[in-house]
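Residue strings, one per chain:
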Amino acid sequence: MSSFIDRITGRKRKSGYQAKERLQLVLTHDRTNLTSDVIETMKDEIIDVISRHISIDAETVRIDFNKDGRQQRLIADIPVIGPRKRR
Amino acid sequence: MAGKVITVTSGKGGVGKTTIAANLGAALAAVGKQVVCIDADIGLRNLDIVMGLENRIVYDLVDVVEGRCRLRQAMIRDKRSEGLYLIPAAQTRDKTAVSPSDMIKLCNELRPDFDWIIIDSPAGIERGFRNAIAPADVVLVVTNPEISAVRDADRIIGIIESEEKGPAQLIINRIDQNMVNRGDMITQEDIVELLAVGLLGIIPEDEKVIVSTNQGLPIALDDKNLAGTALRNISKRLLGEEVSLLDLSNKRGFFGKIFAGGRQ
């Protein structure tokens, strides 16, 4: 799981930091009760809806959970290509 | 008097709820407050032995709720701490013997006569925990710097919020500063960031806590002990005093101080 920078600097990540990282993931999951499968499905559905109205780059869409205090925020980053092509 | 009800809870068991409840009781009584501690862990009675009052139980919480005795009869007075009382849990019954509304009624009866009513909650998120938080004005969530305890604390904080008993206040117990210094323990800053709640206090790991519990004495009354000071500081914050968090890094030895340089 160690990052590229850690590998090139040869620095081993301390277990306290690993604890924080692992907790971050599990708490997001616990609070929203969503599995990564469900998030993927949701992402596909969002892409589907948006694409009906505007042309987007579906490959680079990002869906993330953001924390605002104890509030979870669902952030979608959707690159727009242009108006929907008329077929 | 219009007593305030504080519930000490945690989600995970074994993080120090009972020890903290007993010590906050002793610390508040030591500054002249009238305090009653209630053991809400029915079937797994423990606050009595931690407070050193295990030999004096006649009636318990369930006896009061079921009307077998008057409230005063179930209250054990701590002879060493003026103004400190205990209502013990029943040992031979289960948590369904008491309901959240029983607890609210009981605390309302106690409020006029006490400054503080401290409820020691059982672990878990079931009936016993619901009983313990039902009458609470303030909920204290105890955790340890360990992933399982932090995760459970997060669950419990969520439930406390949805029950409109929040915001919960956090106590991080058993911080091993040596492990923190070498990066092998999740830090108090990280825990607060993850849980996103207010931090009421931090308590260092200290074997003297077990020694004093063995003797049935509250460590909070030992003013030379750092864990005792931490617990007294928490009681002061409950009373509205501004007390800054302990700087545990000061506990480093001579060499630790040199190598740590100016940090913290």
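1. Section: the confidence of the model for chain B
Then, number 1: Confidence in the prediction of chain B, expressed as mean pLDDT, is 94, and 94% of residues score 70 or more.
Then, number 2: Overall fold confidence (pTM) sits at 0.87, and the ipTM for the predicted complex is 0.85.

2. Brief notes about the interface of chain A and chain B
Then, number 1: With 15 residues of chain A at the contact, the number on the chain B side is 14 residues.
Then, number 2: Tallied by class, residues from the side of chain A that touches chain B come to five nonpolar, four polar and six charged.

3. Details of the packing of helix H2 (residues 15-32) of chain A against helix H7 (residues 147-162) of chain B
Then, number 1: At a closest axis distance of 10 Å, the pairing of H2(A) and H7(B) adopts a crossing angle of 30°. One element, H2(A), and the other, H7(B), form an angle in the roughly parallel class. Between H2(A) and H7(B) lies a crossing of right-handed hand. Here A:Ala19, A:Arg22, A:Leu23, A:Val26, A:Leu27, A:Asp30 and A:Arg31 of H2(A) lie close against H7(B), whose contacting residues are B:Ile147, B:Val150, B:Arg151, B:Asp154, B:Arg155 and B:Gly158.
Then, number 2: Across the contact of H2(A) with H7(B), the residue classes tally to six nonpolar, one polar and six charged.

4. Regarding the pairing of strand S1 (residues 4-9) of chain B
Residues and elements named next belong to chain B.
Then, number 1: For S1, a buried count of five out of six residues is recorded, marking the element as mostly surrounded by other parts of the structure.
Then, number 2: Two strands pair when backbone bridges link them, and S1 and strand S5 (residues 116-120) are joined in this way by five bridges, in the parallel orientation. Its bridge partner lying in S5, Ile 6 is registered against Ile 118.
Then, number 3: As defined by bridge partners, S1 adjoins strand S6 (residues 138-143) across four bridges and the pair is classed as parallel. Note on S6: the bridge partner recorded for Ile 6 is Val 138.

5. Some points on helix H1 (residues 17-30) of chain B
Residues and elements named next belong to chain B.
Then, number 1: With 14 residues, H1 extends 20 Å from end C-alpha to end C-alpha; this agrees with the ideal 20 Å at 1.5 Å per step.
Then, number 2: Judged by how many residues are buried, H1 sits mostly within the fold: 13 of 14 residues are covered.
Then, number 3: Just beyond H1, the residue with positive phi is Gly 32, at close to 90°.

6. Focus on the sheet that holds S6(B)
All names here are of chain B.
Then, number 1: The strand order across the open sheet formed by eight strands is S3-S4-S2-S5-S1-S6-S7-S8, and the pairing between neighbours is mixed. The open sheet is flanked by strand S3 (76-77) and strand S8 (198-204), the only strands paired with a single partner.
Then, number 2: In this structure, S6 lies alongside strand S7 (residues 169-175), joined through four bridges in parallel fashion. Within the sheet, the bridge partner assigned to Val 141 lies in S7 and is Leu 170.

7. Topic: the environment of A:His29
Then, number 1: Mapped onto the secondary structure, A:His29 falls in helix H2.
Then, number 2: Expressed as a C-alpha distance, the spacing of A:His29 and A:Asn66, which sit 37 residues apart in the sequence, is 12 Å.

8. A few points about the pairing of S6(B)
Then, number 1: Burial runs high along S6(B): five of the six residues are buried.
Then, number 2: For the crossover from S6(B) across H7(B) to S7(B), the handedness is right-handed.

9. A look at the nonpolar core
Residue and element names in this part refer to chain B.
Then, number 1: By size, the foremost hydrophobic cluster in this structure holds 86 residues, and its most contacted members are Val 35, Val 36, Cys 37, Leu 61, Ile 117, Ile 118 and Leu 231.
Then, number 2: Of the residues forming this core, the biggest block, eight residues, is contributed by H1.
Then, number 3: Ignoring any residue separated from it by four or fewer positions in sequence, one finds Val 36 in contact with Met 75, Tyr 85, Ile 87, Leu 110, Phe 114 and Ile 117.

10. Side note on the packing of H1(B) against helix H11 (residues 226-238) of chain B
The angle between the axes and the distance between the axes are what describe a pair of packed helices.
Residues and elements named next belong to chain B.
Then, number 1: Where H1 contacts H11, the axes come no closer than 9 Å and their chain directions differ by 65°. Viewed along their axes, H1 and H11 adopt a mutual orientation that is roughly perpendicular. Where H1 crosses over H11, the handedness of that crossing is right-handed. For the pair H1 and H11, the contacting residues are Ile 20, Asn 23, Leu 24, Ala 27 and Leu 28 in the first and Leu 231, Arg 232, Ile 234 and Ser 235 in the second.
Then, number 2: By residue class, the composition of the contact of H1 with H11 is six nonpolar, two polar and one charged.

Each value, and the rule that gives it
- Residues numbered from 1 in each chain as written.
- Chains lettered and ligands numbered in written order.
- Predicted model: local features only at pLDDT ≥ 70, side-chain atom pairs only at ≥ 80, totals over all residues.
- pLDDT = per-residue confidence, 0-100.
- Contact = placed C-beta atoms within 7 Å.
- Nonpolar A, V, L, I, M, F, W, Y, C, P; charged D, E, K, R; others polar.
- Axes fitted to C-alpha atoms, helices over the stretch in contact; angles between N-to-C directions.
- Helix = DSSP H or I, 4+ residues; strand = E, 2+ residues; numbered from the N terminus.
- Parallel < 35°, antiparallel > 145°, perpendicular 65-115°, else oblique.
- Left-handed = near helix turned anticlockwise from the far one by under 90°.
- Buried ≥ 20, exposed ≤ 12 C-beta atoms within 10 Å, placed from the backbone.
- Pairing = 2+ DSSP bridges.
- Expected span 1.5 Å × (residues − 1).
- Right-handed = clockwise from strand over helix to strand, strands pointing away.
- Core = buried A, V, L, I, M, F, W, Y, C linked by C-beta atoms within 7 Å.

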